[in-house]
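This is what each chain is made of:
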Amino acid sequence: MSITRRNVTFGLAALTLAACQSTLQTTNTASIAGPKTLPPDLRPQLNRDYAAWVASFRGRALSQGITEQTLNSAFRDTGYLPGVITRDRNQTEFTRTLEDYLSIAASDERIAKGRAAFSRHRSTLNSLEQTYGVDAEIICAIWGLESYYGERKGDIPVISATSTLAFDGRRGAFYEKQLIAALKILQNGDITVDRMTGSWAGAMGHTQFIPTSYQAFAVDFTGDGKRDIWSNDPSDALASTAAYLQRNGWTRGTKWGRELQAGESASRVIQPQAGGPRFAVTGNFNAIKRYNNSDSYAIGVGHLADRIGGAGPLRTPFPPDKYGLTKDDRIALQSRLTSRGFDTGGADGVLGPKSRAAIADYQRSIGLEPTGDPSQALLKSLA
């Protein structure tokens, strides 16, 4: 994910800062507080080294215009989140095929929810298109990919997440910058500390802005004096996304691109998956990539936007995978495994960890080596 937007993607002891050392020595190291819906490793924990880092950070924050009142409010009931470090350390580096990516990004459910969301917010989205020149369906599609139309905005305290990552040091300078930006957002009164939540990496709201991007691009579209990208009303978040794209090169009246048919040519053509669809793309494709620097993401946004607008699926089929299976084969495999009691987590044609575990369990049950790898033979054995 591009660092241009959100790649990233304290505690009671920290609140006292300079006086926190004696507090830490006598306080139980169990969780301080935190939403009970979060797993234990994402609830604030007392940590002596973290508290010392917070004490040293205080001076740097004050020198950048953060007030004592903001610091005290922001650091109350927050703390070190060990689960954030675990997730940061264990990000799996792998590349999905475009076919797998689109199976998720433009699933039937995401398309249906997108059309419903577009219908509910048609007036706002059309107004944003008129104001910023960004296609209403593109704005809606980004919303769908980033938070499932507001259903998955994240509930991890941003101050705890960004301070934990800044303290950890792997990308310390970047996350300290995000922490300072988050504190300035609080100080400006756009949001209260208890409502400033997001992903483990500090991305926030309906369309997942990191704090520095929020500072640069967030919009008060509702006119209430606050740029509230967390509200149940997504207007400010959607407007902020439109403003982001406009200021990153979006050209009014130009589409992101389109699928090319056999024999067609264009000035700029990409084919992310060998043997799969080819796409003619425009400068607006680059604007989407400023949101997330990935060809698959930009195609996902564009294709989902087209589907929300009523277009049909891609017409060019993808080739079989390295196991010789088509998407229909993989869906059949998942369906048959599920019917035998081996839970794949759904039949979408994407063989992720749960599907592979189900394959391994099935292989073990029939006396085969549990590799978790699919095959035509395995599919036939389940017929």
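Scoring rules and cut-offs
- Residues numbered from 1 in each chain as written.
- Predicted model: local features only at pLDDT ≥ 70, side-chain atom pairs only at ≥ 80, totals over all residues.
- Heavy atoms only, no water.
- Pairing = 2+ DSSP bridges.
- Helix = DSSP H or I, 4+ residues; strand = E, 2+ residues; numbered from the N terminus.
- Axes fitted to C-alpha atoms, helices over the stretch in contact; angles between N-to-C directions.
- Left-handed = near helix turned anticlockwise from the far one by under 90°.
- Contact = heavy atoms within 4.5 Å.
- Nonpolar A, V, L, I, M, F, W, Y, C, P; charged D, E, K, R; others polar.
- Buried < 20%, exposed > 50% of the residue type's maximum accessible area, 1.4 Å probe, protein only.
- Salt bridge = Lys/Arg side-chain N within 4 Å of Asp/Glu carboxyl O.
- Phe/Tyr/Trp six-rings, centres within 6.5 Å; stacked < 30°, edge-to-face > 60°.
- Lys NZ or Arg CZ within 6 Å of the ring centre and 35° of its normal.
- Polar contact = N/O pair within 3.5 Å; in protein donor to acceptor, adjacent residues only side chain to side chain.
- pLDDT = per-residue confidence, 0-100.

### Quick look at the pairing of strand β5 (residues 278–281)
Note: strand β3 (residues 257–260) against β5, four bridges, orientation antiparallel. Pairing of Gly 257 across the sheet is with Val 281, part of β5. Here two bridges tie strand β4 (residues 269–270) to β5, and the two strands are oriented antiparallel to one another. Note on β5: the bridge partner recorded for Val 269 is Ala 280.

### Focus on unusual backbone geometry
Of note in this structure, Asp 77 is not a glycine but carries a positive phi near 60°. Structurally, the position occupied by Asp 77 is in the loop between α4 (68–75) and α5 (82–89). Of note in the backbone geometry, Tyr 149 takes a positive phi value of approximately 60° without being a glycine. Relative to the assigned elements, Tyr 149 resides in the loop between α9 (136–147) and β1 (156–157).

### Some points on the sheet that holds β3
Here we have three strands laid out as an open sheet, ordered β3-β5-β4, and antiparallel in their pairing. Strands with a single pairing partner mark the edges of an open sheet, and in this sheet they are β3 and β4.

### A word on the packing of α5 against helix α10 (residues 158–168)
In helix packing, the relevant descriptors are the interaxial angle and the interaxial distance, both defined with respect to the helix axes. Running from N to C, α5 and α10 point in directions that differ by 65°, and their axes come no closer than 9 Å. At the point where α5 passes α10, the crossing takes the right-handed sense. Packed against α5, whose contacting residues are Val 84, Ile 85, Asp 88 and Arg 89, the element α10 presents Ala 161, Thr 164, Leu 165 and Asp 168 at the interface. Residues of the contact of α5 with α10, tallied by class, amount to four nonpolar, one polar and three charged.

### Description of helix α6 (residues 98–105)
Each full turn of the α-helix corresponds to 3.6 residues, which orients residues three or four apart in the same direction. Burial runs high along α6: six of the eight residues are buried. Listed as buried for α6 are Leu 98, Glu 99, Asp 100, Leu 102, Ser 103 and Ala 105.

### A short note on the pattern of salt bridges
Charged atoms that come close allow side chains of opposite charge to pair. If you walk through the whole model with that rule in mind, you get 19 salt bridges. Its salt-bridge partner being Glu 99, residue Arg 330 comes within 3.1 Å of it at the nearest N-O pair. Placement of the pair is Arg 330 in helix α16 (residues 327–339) and Glu 99 in helix α6, with a sequence separation of 231 residues. Its relative accessible area of 10% is what places Glu 99 among the buried residues.

### Focus on the packing of aromatic side chains
Applying the stated criterion to the full structure yields 16 aromatic pairs. Taking the centre distance of 5.1 Å and the plane angle of 80° together, the rings of Tyr 244 and Tyr 291 count as edge-to-face. Within this pair, whereas Tyr 244 is found in helix α13 (residues 235–247), its partner Tyr 291 is found in helix α14 (residues 283–291), the two being separated by 47 residues in sequence. Of the two residues examined, Tyr 244 and Tyr 291, each falls in the buried class. Aromatic rings pair up to connect Phe 209, Phe 217, Tyr 244 and Tyr 291 into one cluster. The positively charged end of Arg 152 is found above the aromatic ring belonging to Tyr 148, 4.1 Å away from the centroid.

### Section: the environment of Phe 167
Note on placement: Phe 167 falls in helix α10. Taking the C-alpha atoms as reference, Phe 167 lies 8.7 Å from Asp 49; in sequence the two are 118 residues apart. Residues within four places of Phe 167 in sequence aside, it is in contact with Asn 47, Asp 49, Tyr 50, Trp 53 and Tyr 80.

### Looking at the environment of Asn 47
Mapping Asn 47 onto the fold places it in the loop between α2 (20–26) and α3 (48–63). Measuring from C-alpha to C-alpha, the distance between Asn 47 and Tyr 80 comes to 6.4 Å, with 33 residues separating the pair along the chain. Side-chain polar atoms of Asn 47 contact the backbone nitrogen of Tyr 50, separated by 2.7 Å.

### Focus on the confidence of the model for the protein
When pLDDT is averaged along the protein, the result is 90, and 90% of the positions lie at 70 or above. Note on residues 6–33: pLDDT under 50 across the span, and 85 contacts to partners over four residues away in sequence or across chains.

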